Every structure is written in C-alpha cells, then in structure tokens.
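So the chains spell out like this:
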Amino acid sequence: MMVDLTHVDTWLFDLDNTLYPAETEFMGLIEGRMTDFVERFTGLPREEARALQKKYYLEHGTTLAGLMTYHGMDPAQFLEEVHDVSMENLVPDQALHDAIQALPGRRLVFTNGSLGHAERVLGHLGLRDLFGDVFAIETADYIPKPSLATFDKITKLHAIDPPTTAFFEDSEKNLVPAARLGMTTILVGAHAAASTSEHVHHRTNDLAGFLSSARLKGTS
C-alpha cells in the first residue's frame, strides 16, 4: 500500500544505520573504538569496559553522555577517536540519493554522532548536498536523543512544525518523543517489521524504496 506523506514538508533523517544499511557493520567498527577508549580511559579490563559502555548507552542515550556525567570527560577527544574508522564498507546508493533529492521541502540530518563524523559519512555517500543542515551531538550540547530537550532544541532552531515533519530512525526509542510531538515516524532497518510500538507509524527495510513509492506533496 502506498504511504501518504503529502502532509510532510520537513524531512529529518538519523545518520548511522539509517542512511546506510546496518548490515555494513560500519557502526560495529565505531563501537569497537568506543570499547578501546573506555578500556584505556577507565583502566577496566576489556569485558568490563564493554559492559560499562553498553550500560551508559542504555541509560544515557550514548556512551559519551555517561562518560561525561560520571567521569567529567572532555568529549572532543572521544568523538574524534571513536569515529576514526575505515569507510570502505559504505557504498553510495544512487537510488537513495535520487529518492531523497525528490523530497519536497527541507531535509535535515539529526544524529547523536559528531558533526565531523556526519560530514565525513555524508560526503562519502554523496548525500551531503541534499541536506540543508546537520544537527549533531555538539549542536545538542551533548544531550543525545531521545531527550525531549534535544527535540525541543532542534524544533526551535529550525522552526520545525512537528505535524508536517517525518522522522526516519533505526532506533525505536528515538522515535518515541518524535511521535509524541506529532511527527510522522518511520523505523528503518531489518528489525523494523517486528516493531509493535504505537510510536512507530511506518516501518521499512528499504529506505530508498519507501521514499520513492510514497505519495508526496505536489504529486498526484
């Protein structure tokens, strides 16, 4: 069934595991670098460092937020180090490029990653010129999604009207505040079909196909 998105004129996209498939395992490389950093920073054995990394992610939205909260860590070195990974597994997708380019209205990236990471990945994928701005973790004062304060900040910064906004994410929990604000939410990835959350309005494992088949403003 064709999805009706004719009400949408602002398009928000998460970056990692959304604008490229999770199956590339690119995020796995970054997570490995995070474990390296936590192990060295805390002096914990690797398995304990890995467990702490996951605990902070689950409780605070990002590992970085936990390190800043409990260890007073300066985020700059962490962000630079953990994102310094090979992008050889990331392959530009012309179909996705064309589908995003065809969307009417504003297109923005909303990521818990750093600005440098976002610019690097978007540039590699050939997508950077399609987006008017990147709202990164620095822009959010290092308070990650799904914090409502961060959603409030992006909506105010870009004068976003939630009822005319669609938000694409691979994380179900990050869609909860978006749905509560009135945005149309789309869960992306192989796990999406299994979601039963009331805060997820649409689900897809093929972002390019979903966008290209949707009814858009100005189309019949």
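- As annotated in an unreviewed UniProt entry, the protein chain carries the name Pyrimidine 5'-nucleotidase and is attributed to Caulobacter sp. 602-2.

## Side note on the nonpolar core
No. 1: Core analysis: the largest hydrophobic core is formed by 51 residues, its most contacted members being Phe13, Leu19, Phe168 and Leu211.
No. 2: Top element by residues in this core is helix H1 (residues 26–42). It accounts for 6 residues.
No. 3: Counting contributing residues, this core receives three or more from each of domain 1 (10–21 + 91–213) and domain 2 (26–83).
No. 4: Not counting chain neighbours up to four residues away, the residues in contact with Phe13 comprise Leu19, Ile100, Leu103, Leu108, Val109, Phe110, Phe131, Phe167, Phe168, Leu207 and Leu211.
No. 5: Within the second largest apolar cluster, 15 residues are counted, among which are Phe135, Ile154, Leu187 and Ala192.

## Focus on the packing of helix H7 (residues 148–157) against helix H8 (residues 172–181)
No. 1: Where H7 meets H8, the closest approach of the two axes is 10 Å, and the angle between their N-to-C directions is 55°. Taken together, the axes of H7 and H8 are oblique relative to one another. Seen along the crossing, H7 lies across H8 with a hand that is right-handed. Touching Leu148, Phe151 and Asp152 of H7 are Asn174, Pro177, Ala178 and Leu181, all from H8.

## Quick look at helix H2 (residues 46–60)
No. 1: Taking 1.5 Å of rise per residue, the 15 residues of H2 would be expected to cover 21 Å, and the 21 Å separating its terminal C-alpha atoms lies within 8% of that figure.
No. 2: If you check which residues of H2 are buried, you get Ala49, Leu52, Gln53 and Tyr56. With its buried residues spanning 105° around the axis, H2 presents them on a single face. Set apart from the buried face of H2 by more than 90 degrees, the exposed residues are Glu47 and Leu58.
No. 3: Once H2 finishes, Gly61 follows within two positions and takes phi at roughly 95°, a positive value.

## Let's talk about H8
No. 1: Within H8, the full set of buried residues consists of Asn174, Leu175, Val176, Pro177, Ala178 and Ala179.
No. 2: Looking at the buried residues of H8, the elements they touch are H7, strand E5 (165–169) and strand E6 (184–188).
No. 3: Among the residues trailing H8, Gly182 stands out with phi positive, at a value near 110°.

## Focus: the pattern of salt bridges
Where charged atoms from two side chains of opposite charge come close, those side chains can pair.
No. 1: This model, assessed by the stated rule, comprises 11 salt bridges.
No. 2: Note that Asp14 is salt-bridged to Lys145, the shortest N-O span being 3.0 Å. On the criterion of sequence distance, the pair formed by Asp14 in the loop between strand E2 (10–13) and H1 and Lys145 in the loop between strand E4 (133–135) and H7 is long-range, its members being 131 residues apart.
No. 3: Exposure remark for Asp14: the relative accessible area of 6% places this residue in the buried category.
No. 4: Between Lys153 and Asp141 there is a salt bridge, with its nearest N and O atoms 2.9 Å apart. Residue Lys153 is located in helix H7, and its partner Asp141 is located in the loop between E4 and H7; the two are separated by 12 residues in the primary sequence.
No. 5: Here Lys153 falls in the partly exposed class, since its relative accessible area comes to 30%.

Scoring rules and cut-offs
Residues numbered from 1 in each chain as written. Predicted model: local features only at pLDDT ≥ 70, side-chain atom pairs only at ≥ 80, totals over all residues. Heavy atoms only, no water. Core = buried A, V, L, I, M, F, W, Y, C linked by side-chain atoms within 4.5 Å. Buried < 20%, exposed > 50% of the residue type's maximum accessible area, 1.4 Å probe, protein only. Helix = DSSP H or I, 4+ residues; strand = E, 2+ residues; numbered from the N terminus. Domains from an automatic or database assignment. Contact = heavy atoms within 4.5 Å. Axes fitted to C-alpha atoms, helices over the stretch in contact; angles between N-to-C directions. Parallel < 35°, antiparallel > 145°, perpendicular 65-115°, else oblique. Left-handed = near helix turned anticlockwise from the far one by under 90°. Expected span 1.5 Å × (residues − 1). Arc of directions from axis to C-beta. Salt bridge = Lys/Arg side-chain N within 4 Å of Asp/Glu carboxyl O.

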